[in-house]
Amino acid sequence: MQNEKGITSVLNERRKFKPSPAFSRLAHVKSMQAYKRLCKAAERNPDAFWASLAKEMDWFSPWKTVCDWNPPFAKWFVGGKMNVAHNCIDRHLIGWRKNKAAIIWEGEPGDVRVLTYQDLYREVCICANALKSQGVKKGDRVSIYLPMIPELAITMLACARIGVTHSIIFGGFSAVALCDRINDASAKIVITSDGGYRKGEIVDLKEKVDEAVLKAPSVQRVVVVRRTGIPVAMKEGRDIWWHDLMKGMPDRCKAEALDSEHPLFILYTSGTTGKPKGVVHSTAGYLLGAMMTSRWVFDLKDTDTYWCTADIGWVTGHSYVVYGILANGGTTVMYEGAPTYPTPGRLWEMVDKYHVNIFYTAPTAIRALMKLGDTWPKQSRLSSLRLLGTVGEPINPTAWTWYHKVIGGGRCPIVDTWWQTETGAIMISPLPGATETKPGSATLPIPGIFPEVVDRDGVKAATNTGGYLVIKRPWPSMLRTVWGDPKRYEKQYWSDFPGCYFTGDGARCDQDGYFWVMGRVDDVMNVSGHRLGTMEIESALVSAPAVAEAAVVGKPDEIKGTAIVAFVTLRSGQQPSDALKAALRAHVEKEIGVIARPDDIRFTENLPKTRSGKIMRRLLRDIAVGRETTGDITTLEDYTILAKLRQDED
Ligand code: WTA
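This one's a predicted model, so the numbers in the text were calculated from it and none came from an experiment.

Before going further, it helps to spend a moment on the packing of aromatic side chains. Evaluation of the coordinates by the stated rule reveals 31 aromatic pairs. Taken together, a centroid distance of 6.4 Å and an interplanar angle of 80 degrees make the contact between W50 and W76 edge-to-face. Taken together, the positions of W50 in helix 3 (residues 46-54) and W76 in strand 2 (residues 73-78) put the pair 26 residues apart, joining distant regions of the chain. W76 carries the same exposure label as W50, and that label is buried. Put simply, the rings of F49, W50, W59, W63, W76, F77 and W296 pair up and form one aromatic cluster.

This is how it looks when you write it as structure tokens:
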């Protein structure tokens with residue numbers, strides 16, 4: 001809800017949960033005083049603060065300048081050379097961690113693979129040599145379109161080892177979306193598989209790659225992991241099986257000494273235009289952010305079994321399934337399939353089986369599992385859990401309470417972590433041994449991060465007054481640019497509030513300085529914890545021959561957070577029908593992927609527009625939820641449309 005200058009906040013939750021002394025005693029950050037000391041140190045001398053932390057990584061040559069800030073472009077640890085794969089693997093081989101489990105993987109059918117750090121080292125070296133044998137060099141891009149199987153982590157680390165920039169595309173994206181992303185990055189190689197398991201079925205990925213690569217001239221090779229064994233077409237001269245390619249490759253491969261600023265990966269995320277942005281992350285600064293937050297926020301220790309349920313196709317999987325955890329020498333659990341397969345008890349059975357200590361998931365998953373009842377978690381022993389985390393959207397207090405009581409047995413702190421693809425690492429979150437939590441609040445900034453809630457003029461908003469969430473200083477794991485489009489980087493993130501990074505989120509700060517993130521204030525929706533631009537879905541809809549115009553809005557949904565509602569006007573001669581609705585939903589799935597399929601399509605003769613031709617989404621949002629239209633409609637071009645749209649609902 002918007003008012004003149006800011007945003008009105010409606011949530012009012014008053015409970016507080018103190019960290020238990022038993023937890024605090026053993027935590028990395030043991031008290032509020034310790035947390036404040038870190039914050040003070042960062043405030044006083046940010047360069048010295050980050051430099052002291054960066055020393056915990058292995059460097060091939062030291063940096064000369066900690067931060068080179070040429071707004072809005074930042075460089076961190078300038079002049080230093082290091083390697084992310086070396087920091088995530090090699091340095092752990094020297095001591096006792098050599099034979100420690102790095103990755104515990106479980107496939108949906110129940111197959112298990114455990115890779116020790118030494119195993120991972122060998123596999124990554126073999127894969128890196130294989131990539132080199134195909135002609136990829138430092139600076140090239142490789143697109144990865146794989147299910148959650150160990151080869152996904154192996155490939156990313158192999159790329160990191162030789163300085164190849166990876167671009168992972170979530171397996172739920174369509175061939176069209178995949179093609180756009182391969183082309184934008186001009187990837188030379190695509191790595192995929194003959195499918196993966198999801199809800200007992202095989203998700204075909206290779207077919208989508210075949211379709212995508214037809215229109216992606218940069219691709220020279222498609223490497224295919226055999227996961228399911230289903231027959232797939234292999235194109236002579238272009239496609240090669242992973243196992244054939246790896247055969248005979250040496251199991252040693254030098255980790256390249258890379259510049260701190262070398263682009264580690266590109267990850268595409270939705271924005272307010274129809275075209276997704278390729279968010280670029282660096283080497284040293286990114287890893288530092290992922291590593292330190294894994295330690296501070298998850299209180300990760302060598303004895304922990306840690307499990308983040310996110311797919312590596314999203315940033316959470318990059319930072320908190322792979323890089324941040326392995327950089328600390330942790331044990332990370334990776335699961336291929338659906339959380340409710342073959343029963344709604346699957347996740348809890350796995351917590352029990354592997355004695356998971358730290359569990360990190362999304363509110364949408366918590367809500368869905370909560371709805372299925374307490375009997376499922378009650379069938380498993382969850383007593384190994386000591387910390388729970390959430391990410392992706394605000395967690396509503398009901399889901400928070402269920403997570404706390406039923407999953408955490410009332411004993412585990414919950415870290416509600418706020419961050420973004422662009423921020424690379426967690427920015428606002430409790431530190432579990434230090435911060436008193438309040439359900440629904442991501443609480444306080446990570447040491448070294450300086451967020452603020454401001455009004456439209458960039459002035460700090462008063463306590464408990466909604467406004468825009470900005471970050472006032474650069475930080476090591478911040479995105480460096482939008483791939484191939486530095487102007488868009490500048491405009492998107494740095495032009496609304498001069499000197500500050502604008503997150504696109506609305507928030508308020510309470511009397512204790514706690515941040516309450518309220519969600520996006522731009523045309524980006526948060527559907528099941530995934531970001532989707534309304535424009536992207538609209539572009540997909542209007543690319544269907546029957547459609548003249550489309551406007552997409554979000555509507556609150558109990559499980560998904562936001563459901564997608566599309567208002568569609570048809571070209572003349574086209575008749576609205578249920579069959580057409582189904583066809584349009586399928587069309588969006590084909591253009592973007594199943595995650596973007598509208599939940600509801602409403603045909604209308606016209607869309608409400610301002611006199612200058614802008615679609616009035618606010619009105620459509622009201623109509624989507626059946627709310628009486630409030631606020632100003634004086635700019636509406638044609639008042640009769642509103643009445644019509646309401647009639648159409650009945
Ligand atoms: C939202 C996911 C409230 C927010 C890591 C942000 C959250 C967007 C939280 C980024 C949270 C993420 N509380 N909202 N704890 N975490 N968000 O890029 O709107 O997929 O801007 O990164 O998710 O989504 P992204």
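So, next bit.
The final tally for this structure, using the stated rule, is 41 salt bridges. We note a salt bridge from K100 to D302, for which the minimum N-O separation is 2.6 Å. Of the two residues, K100 is situated in the loop between helix 4 (84-93) and strand 4 (101-106) and D302 in the loop between helix 10 (284-298) and strand 16 (305-308); the sequence distance between them amounts to 202 residues. When the shortest N-O distance is used, the salt bridge between R386 and D304 registers 2.8 Å. Taken together, the residues R386 in the loop between helix 14 (375-378) and strand 19 (387-391) and D304 in the loop between helix 10 and strand 16 connect sequence positions 82 residues apart. Note on D304: relative accessible area 4%, which makes it buried. Through salt bridges with shared partners, a single ionic network connects K16, K438, D510 and D512.

What follows deals with helix 11 (residues 315-327). Burial analysis of helix 11 places 13 of its 13 residues in the buried class, which makes it a mostly covered element. Just past helix 11, the residue G329 takes up positive phi, approximately 75 degrees.

Its place among the elements puts T417 in strand 20 (residues 414-417). Separated by 2.6 Å, the side chains of T417 and Y360 make a polar contact. A polar atom in the side chain of T417 sits 2.8 Å from the backbone oxygen of T390. For T417, the contacting residues outside a window of four places in its chain are V297, Y360, T390, V391, I426, I428 and S429.

Turning to the layout of surface pockets, a few remarks are in order. Approximately 580 Å³ is the volume found for the second largest pocket. When residues of the lining of the second largest pocket are traced back to their parent elements, those giving at least two are helix 2 (32-44) and strand 21 (451-454). Here the lining of the second largest pocket takes 6 residues from helix 2, the largest share from any one element. The residue makeup of the lining of the second largest pocket, split by class, is 15 nonpolar, 4 polar and 8 charged.

Inspection of the region around the ligand gives 17 residues, with D416, T417, Q420, T421 and D505 positioned closest. G392 places a main-chain nitrogen or oxygen 3.1 Å from a nitrogen atom of the ligand. Between T421 and the ligand, the recorded distance is 2.6 Å, taken from a side-chain N or O atom to an oxygen atom. With the chains in place, 96% of the 520 Å² that the ligand exposes on its own is no longer accessible. Only helix 11, strand 20 and strand 25 (515-520) provide two or more residues apiece to the shell around the ligand. Tallied by class, residues from the shell around the ligand come to 6 nonpolar, 6 polar and 5 charged.

This next bit is on the sheet that holds strand 21. Strand pairing in a sheet is mediated by backbone hydrogen bonds. Such pairs are either parallel or antiparallel. Ordered by their spatial adjacency, 4 strands build an open sheet running 21-22-24-25, and the pairing between neighbours is antiparallel. The outermost strands of the open sheet, each flanked by one partner alone, are strand 21 and strand 25. Recorded for the sheet is a direction-independent mean angle of 45 degrees between the axes of neighbouring strands. Pairing of strand 22 (residues 467-471) with strand 24 (residues 501-509) involves 4 bridges; the strand directions are antiparallel. By the bridge assignment, G467 is partnered in strand 24 with A507.

A word on the environment of P377. With respect to the secondary-structure elements, P377 resides in helix 14. In this structure, the C-alpha to C-alpha distance between P377 and E349, residues 28 residues apart in sequence, is 8.0 Å. In this structure P377 touches W348, L382, W402, V406 and I407, once residues within four positions along its chain are discounted.

On to the sheet that holds strand 29 (residues 561-570), then. Ordered in space as 28-29-30, the 3 strands form an open sheet in which the pairing is mixed. For this open sheet the edge positions go to strand 28 (547-557) and strand 30 (600-603), each flanked by a neighbour on one side alone. Going across the sheet, the axis of each strand differs from the next one's by a mean of 25 degrees, ignoring polarity. Taken together, the 10 bridges between strand 28 and strand 29 define a ladder with antiparallel strand orientation. Within the sheet, the bridge partner assigned to A550 lies in strand 29 and is V568. Lying on the sheet, helix 19 (residues 617-625) is in contact with strand 28, strand 29 and strand 30; it crosses strand 28 at an angle near 60 degrees.

Let us now look at the pairing of strand 18 (residues 358-361). Judged by which residues are buried, strand 18 turns out to be covered on both faces: I358 and Y360 on one side and F359 and T361 on the other are all buried. As defined by bridge partners, strand 16 adjoins strand 18 across 3 bridges and the pair is classed as parallel. Bridge assignment links C308 to a residue of strand 18, and that residue is Y360. Both strand 18 and strand 19 contribute to a ladder of 4 bridges, which runs parallel. By the bridge assignment, Y360 is partnered in strand 19 with G389.

Trans peptide bonds make up the majority, and among non-glycine residues the majority have a negative phi. Geometrically, the link from P71 to P72 is a cis peptide bond, its omega value of 0 degrees lying close to zero. Looking at where P72 falls in the secondary structure, it is placed in the loop between strand 1 (65-70) and strand 2. Cis geometry marks the peptide bond from Y341 to P342; its omega dihedral reads -5 degrees. Topologically, P342 is positioned in the loop between strand 17 (331-335) and helix 12 (346-354). Even without being a glycine, D299 presents a positive backbone phi close to 55 degrees. Within the element layout of this structure, D299 appears in the loop between helix 10 and strand 16. Residues other than glycine seldom take positive phi values, yet S528 does so here, at roughly 50 degrees.

Reading the values: rules and limits
Residues numbered from 1 in each chain as written. Predicted model: local features only at pLDDT ≥ 70, side-chain atom pairs only at ≥ 80, totals over all residues. Heavy atoms only, no water. Phe/Tyr/Trp six-rings, centres within 6.5 Å; stacked < 30°, edge-to-face > 60°. Helix = DSSP H or I, 4+ residues; strand = E, 2+ residues; numbered from the N terminus. Buried < 20%, exposed > 50% of the residue type's maximum accessible area, 1.4 Å probe, protein only. Salt bridge = Lys/Arg side-chain N within 4 Å of Asp/Glu carboxyl O. Polar contact = N/O pair within 3.5 Å; in protein donor to acceptor, adjacent residues only side chain to side chain. Contact = heavy atoms within 4.5 Å. 1 Å grid on protein atoms, 1.4 Å probe; cavity = no way out; pocket = protein on both sides within 12 Å on 5 of 7 lines; lining within 4 Å. Points joined across faces, edges and corners; volume = space filled by probe spheres on them. Nonpolar A, V, L, I, M, F, W, Y, C, P; charged D, E, K, R; others polar. Near = heavy atom within 4 Å. Areas by Shrake-Rupley, 256 points an atom, 1.4 Å probe, with all protein chains shown as cover. Pairing = 2+ DSSP bridges. Axes fitted to C-alpha atoms, helices over the stretch in contact; angles between N-to-C directions.

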